[in-house]
Protein chains: 2
Amino acid sequence: MNTSISSVGPVSAATLSFAEPLPLASGQSIADYSLCYETYGQLNADRSNAVLICHALNASHHVAGYRADYPKDIGWWDNMVGPGKPVDTNRFFVIGVNNLGSCFGSTGPASINSATGRPYGSSFPMVTVEDWVQAQARLADALNIQRFAAVMGGSLGGMQALQWAIAYPDRVAHAVVIASTPRLSAQNIAFNEVARRAIVTDPEFHGGDYYAHQTVPKRGLSVARMVGHITYLSDDDMAQKFGRALRGSDDYRYGFDVEFEIESYLRYQGEKFSTYFDANTYLLITRALDYFDPARRTGGDLAAALAQVTSKFCLVSFTTDWRFPPERTREIVSALMKNKAELAYAEIDAPHGHDAFLMTDPKYHGFVREYFDRIAKTLSPQVAA
Amino acid sequence: MNTSISSVGPVSAATLSFAEPLPLASGQSIADYSLCYETYGQLNADRSNAVLICHALNASHHVAGYRADYPKDIGWWDNMVGPGKPVDTNRFFVIGVNNLGSCFGSTGPASINSATGRPYGSSFPMVTVEDWVQAQARLADALNIQRFAAVMGGSLGGMQALQWAIAYPDRVAHAVVIASTPRLSAQNIAFNEVARRAIVTDPEFHGGDYYAHQTVPKRGLSVARMVGHITYLSDDDMAQKFGRALRGSDDYRYGFDVEFEIESYLRYQGEKFSTYFDANTYLLITRALDYFDPARRTGGDLAAALAQVTSKFCLVSFTTDWRFPPERTREIVSALMKNKAELAYAEIDAPHGHDAFLMTDPKYHGFVREYFDRIAKTLSPQVAA
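The shown structure was predicted, so the numbers you read here are calculated from the model rather than taken from an experiment.

(A) Representation of the sheet that holds strand β1 (residues 10-11) of chain A within the structure. All names here are of chain A. Spatially, β1-β7-β8 is the arrangement adopted by the three strands of the open sheet, whose pairing is mixed. At either end of the open sheet lies a strand with only one pairing partner, and these are β1 and β8 (70-74). Sheet topology note: the strand β7 (residues 66-67)/β8 ladder contains two bridges and is antiparallel. When the bridges of β8 are listed, Arg-67 appears paired with Tyr-70.

(B) The arrangement of the nonpolar core in detail. If you look at the biggest cluster of nonpolar residues, it comprises 260 residues, and the most contacted ones within it are A:Ile178 and B:Ile178. Not counting residues up to four positions away in its chain, the partners in contact with B:Ile178 are B:Trp77, B:Met152, B:Gly153, B:Gly154, B:Ser155, B:Gly158, B:Val316, B:Phe318, B:Phe357, B:Tyr364 and B:Val368.

(C) Spatial organisation of the packing of helix α3 (residues 186-200) of chain A against helix α4 (residues 218-232) of chain B. As a packed pair, α3(A) and α4(B) sit with axes 10 Å apart at the nearest point and diverge in direction by 165 degrees. Relative to α4(B), the element α3(A) lies roughly antiparallel. Note on packing geometry: the crossing formed by α3(A) with α4(B) is left-handed. Listed contacts from α4(B) to A:Gln187, A:Ala190, A:Phe191, A:Glu193, A:Val194, A:Arg197 and A:Ala198 of α3(A) are B:Val223, B:Met226, B:Val227 and B:Ile230. Split by residue class, the contact of α3(A) with α4(B) holds eight nonpolar, one polar and two charged.

(D) Structural context of helix α9 (residues 326-338) of chain A. Residue and element names in this part refer to chain A. Taking 1.5 Å per residue as the helical rise, α9 with its 13 residues ought to reach 18 Å, and the 18 Å between its terminal C-alpha atoms agrees with that figure. Those residues of α9 lying buried are Pro-326, Thr-329, Ile-332, Val-333, Ala-335 and Leu-336. Among the structural elements, α2 (156-167), β15 (172-178), α8 (302-305), β16 (312-318) and β17 (343-348) are those in contact with the buried residues of α9. Lys-340 lies just past α9 and shows a positive phi near 55 degrees.

(E) Region of the structure containing the interface of chain A and chain B. With 54 residues of chain A in contact, the opposing surface of chain B contributes 54 residues. Counting across the interface, chain A meets chain B through 10 salt bridges. The salt bridge involving A:Arg244 is made with B:Asp293; its shortest N-O contact spans 3.1 Å. Counting every contact that joins chain A to chain B gives 28 residue pairs in polar contact (both at pLDDT 80 or more). Counting only elements with at least two residues in the side of chain A that touches chain B, the list comes to α3, α4 (218-232), α5 (235-241), α6 (261-276) and α7 (279-291) of chain A. Broken down by class, the residue content of the side of chain A that touches chain B amounts to 29 nonpolar, seven polar and 18 charged.

(F) Spotlight on the packing of aromatic side chains. For the coordinates displayed, the defined rule picks out 50 aromatic pairs over all chains. When the centroid spacing of 5.1 Å and the interplanar angle of 15 degrees are considered together, the rings of A:Phe18 and A:Tyr33 count as stacked. Residue A:Phe18 is located in strand β2 (residues 14-18), and its partner A:Tyr33 is located in strand β5 (residues 33-40); the two are separated by 15 residues in the primary sequence. A:Tyr33 matches A:Phe18 in its accessibility class, with the two residues each being buried. Where B:Trp164 meets B:Tyr168, the ring centres are 5.0 Å apart and the plane angle is 50 degrees; that geometry is what we call tilted. For B:Trp164, a relative accessible area of 0% corresponds to the buried category. Chaining the aromatic ring pairs together yields one cluster made of A:Phe104, A:Phe273, A:Tyr276, A:Phe277 and A:Tyr282.

(G) Quick look at the sheet that holds β17(A). All names here are of chain A. Strands sit in the order β2-β5-β11-β6-β14-β15-β16-β17 across an open sheet of eight strands; the sheet is mixed. Since the sheet does not close on itself, it has two edges, and those belong to β2 and β17, each with one partner. Shown here is a sheet whose adjacent strand axes are inclined to one another by a mean of 20 degrees, direction ignored. With five bridges joining them, β15 and β16 adopt parallel strand pairing. Within β16, the residue paired with His-174 across the bridge is Lys-312. Each of β6 (50-54), β14 (148-154), β15 and β16 touches α2; the most contacted strand, β14, lies at about 145 degrees to it. Packing of helix α10 (residues 362-377) onto the sheet brings it into contact with β6, β14, β15, β16 and β17, and relative to β16 it is tilted by some 175 degrees.

(H) Looking closely at the environment of A:Val8. Position of A:Val8 among the secondary structure elements: in the segment before β1. Spatially, the C-alpha atom of A:Val8 lies 9.9 Å from that of A:Gly84, the residues being 76 residues apart in sequence.

(I) How the structure looks around the pattern of salt bridges. For the structure shown, the criterion picks out 52 salt bridges over all chains. One salt bridge connects A:Arg219 with A:Glu204, and the closest N-O pair in it is separated by 3.8 Å. With A:Arg219 in helix α4 and A:Glu204 in the loop between α3 and α4, the pair connects residues that are 15 residues apart, well separated along the chain. When its relative accessible area of 31% is taken as the criterion, A:Arg219 is described as partly exposed. As a salt-bridge pair, A:Glu342 and A:Lys312 come within 3.9 Å of each other at their nearest N and O atoms. With A:Glu342 in the loop between α9 and β17 and A:Lys312 in strand β16, this pair connects stretches of sequence that are 30 residues apart. What makes A:Glu342 exposed here is its relative accessible area of 53%. Overlapping salt bridges, with partners in common, bring together A:Glu193, A:Arg196, A:Arg287, A:Asp290, B:Glu263 and B:Arg267 in one network.

(J) How the structure looks around helix α1 (residues 129-142) of chain A. All names here are of chain A. Under the 1.5 Å per step criterion, the end-to-end length of α1 is 20 Å for 14 residues, consistent within 8% with the ideal 20 Å. Most of α1 sits out of view: 11 of its 14 residues are buried. All of the buried residues along α1 are Val-129, Glu-130, Asp-131, Trp-132, Val-133, Ala-135, Gln-136, Ala-137, Arg-138, Leu-139 and Ala-140. Asn-144, located one to two residues past α1, shows a positive phi value of around 60 degrees.

(K) Broad picture of the relation of the copies chain A and chain B. By a simple turn and slide, chain A fits onto chain B: the slide is 0.0 Å along the axis, the RMSD is 0.0 Å, and the turn is 180 degrees. Both copies are brought into coincidence by an operation consistent with a two-fold rotation axis. Take the interface residues of chain A: 100% of them recur as interface residues in chain B, which is what a same-surface contact looks like.

(L) Looking closely at the pairing of strand β11 (residues 93-97) of chain A. All names here are of chain A. Among the five residues that make up β11, five are buried, leaving the element largely enclosed by the rest of the structure. In the sheet, β6 pairs with β11 via four bridges, with the strands oriented parallel. Along β11, the bridge assignment pairs Ile-53 with Gly-96.

Procedures and definitions
- Residues numbered from 1 in each chain as written.
- Chains lettered and ligands numbered in written order.
- Predicted model: local features only at pLDDT ≥ 70, side-chain atom pairs only at ≥ 80, totals over all residues.
- Heavy atoms only, no water.
- Pairing = 2+ DSSP bridges.
- Helix = DSSP H or I, 4+ residues; strand = E, 2+ residues; numbered from the N terminus.
- Core = buried A, V, L, I, M, F, W, Y, C linked by side-chain atoms within 4.5 Å.
- Buried < 20%, exposed > 50% of the residue type's maximum accessible area, 1.4 Å probe, protein only.
- Contact = heavy atoms within 4.5 Å.
- Axes fitted to C-alpha atoms, helices over the stretch in contact; angles between N-to-C directions.
- Parallel < 35°, antiparallel > 145°, perpendicular 65-115°, else oblique.
- Left-handed = near helix turned anticlockwise from the far one by under 90°.
- Nonpolar A, V, L, I, M, F, W, Y, C, P; charged D, E, K, R; others polar.
- Expected span 1.5 Å × (residues − 1).
- Salt bridge = Lys/Arg side-chain N within 4 Å of Asp/Glu carboxyl O.
- Polar contact = N/O pair within 3.5 Å; in protein donor to acceptor, adjacent residues only side chain to side chain.
- Phe/Tyr/Trp six-rings, centres within 6.5 Å; stacked < 30°, edge-to-face > 60°.
- Least-squares fit on C-alpha atoms with pLDDT ≥ 70 in both.

Following this line, the structure appears as structure tokens:
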């Protein structure tokens, strides 16, 4: 067994198509859709070492390694997943999947609707965390994986891990929920709504059917990304990284061009994002975040909503995360404890705000590593035939 | 003396015009400008009971009472200023002044530039907190007020009170600085920049000269206001007031129309604001906020920046204010203490975030009332001839 810490190496995405309509929470359904995914490591003999990684807003199935056709494109959680890494691909068979509605390969608003021959655009159905998890379960069926050793995600990805434990208790041995929340707060929804207003009021949005107009609502999407980005960073981290440093000058220039470094950084982030991310996908994903609220069905009682859960839990939050602060994860912890569920919870003192879940932090990674080490000890080491 | 707590009653604004050019921090200057102001109470015999109230982003000279020509329009700090109120107009002569660059009566970007016969628009010069204070000092000269009993403001208004104490130590007996900061943080600037990007990327902005196009960048201004508004409220207060309550439905409708109460509220706030506020003024005022940083001239040493200050200080911050949290006011307190300045500081445990400075809170108002009571005791009770 190779235990050196390194990349999973070059990877290529696979695509699975599903003809059977997927019924959605909204009452609509979607047929003839595809899901893009990547896998790392090898499935063991009894197919018990599979780990599903769920992505957050701005990510995809490309979790680890680098793209064979574009080596600069390194997976978004490459520091977490790989040989010798916390989620060790020498021991686990890891699957990264791109969600329905995304713009990175799975069927989404920019995809051609086979029924019309045109991009879905505004006709793409609303998708929820529940829908994504159901679609992921069908992917697992197709890959002949009955039960995951773990389903894992950060932020919106953590919501999916939680939803897996609710919807498919028999199919998830461990749910790993990082920097997440059992529901958005009013403030969270408010920031999402600002982002959406920026997009839909951009004249280039054309009611969501901008593809036909050979344009994209770049300005709106850029503003949306800027406001989102602020919520990913901590106030202190921003102060440390940017403070009030001026850009390219020692003195005020008294104008509206970039004056402060933080402005330059945010504009760049917004611009870059608006060149590769689909505006309709941004709308869909922020709405999926808004809607997620498993305790809604139980009158706000999260413990009751998690009553059927049998998975064990690993949860992590970060002290400076003001988007989904530790209090939110502690709500999940309390509900699980009320249900006498087995869990491990770490509140990590990290400066990086919400984005901390993507960073390499020895305490954080050490905690996840130890958790996965314990899972690995319960698994058959034999590789699947 | 009438000590009943009531309104100052009907008020009308006055306007003073200044022909002499005002030199600005940017190196530019502005000539032939007017300042709009209101006064309440009566100046005493030795002209020692004048209090200047400085406004924040979305406010004006209309501080107290109601407009004689439009009684529904109540002053923005009417709970603070009036007969028997914390700033008691039975004892103080209070002046509210609208700043240069505003859109509520003083000369601003929407005003006609007498040199061209057209609205200033993008040619309106950048104005800073220092410039405003200088313009206010000229207004005080014109009103023959040599020294203010107090200069007072909340948020951006508090910056002006602080700047008065720095620029005109002999003319300010007391500086009353509420919910303010000695400088914006990177996060503060970031939110301002998002707001500005929303405005300037609106196609109706026309580089700031939208007046000539008979249009206004309503969409951008509305988004700008929405993002600003989020920063004025505390997370907890939003949770209390809105939570995840749905608007006009018991169930999710799975769409992008208003679904949650918080969305409805924010959209309404944005829309309303965009009908009466000038976009260029929004740009100018957010930039003035960004630029204010008195310690910049002293290498970041605020105590050194305040070395010449002789005014006494009253400072208030609010525990749930995450825009300008108590830590920021404590920086001013520390600097003043280092200089052995006389000061009173209250950190008020209030749920309303930054907006708390506008709310009626017994602890907060009690503290300000007591401070002004002490000032009043030092004043001649005789009314000016």
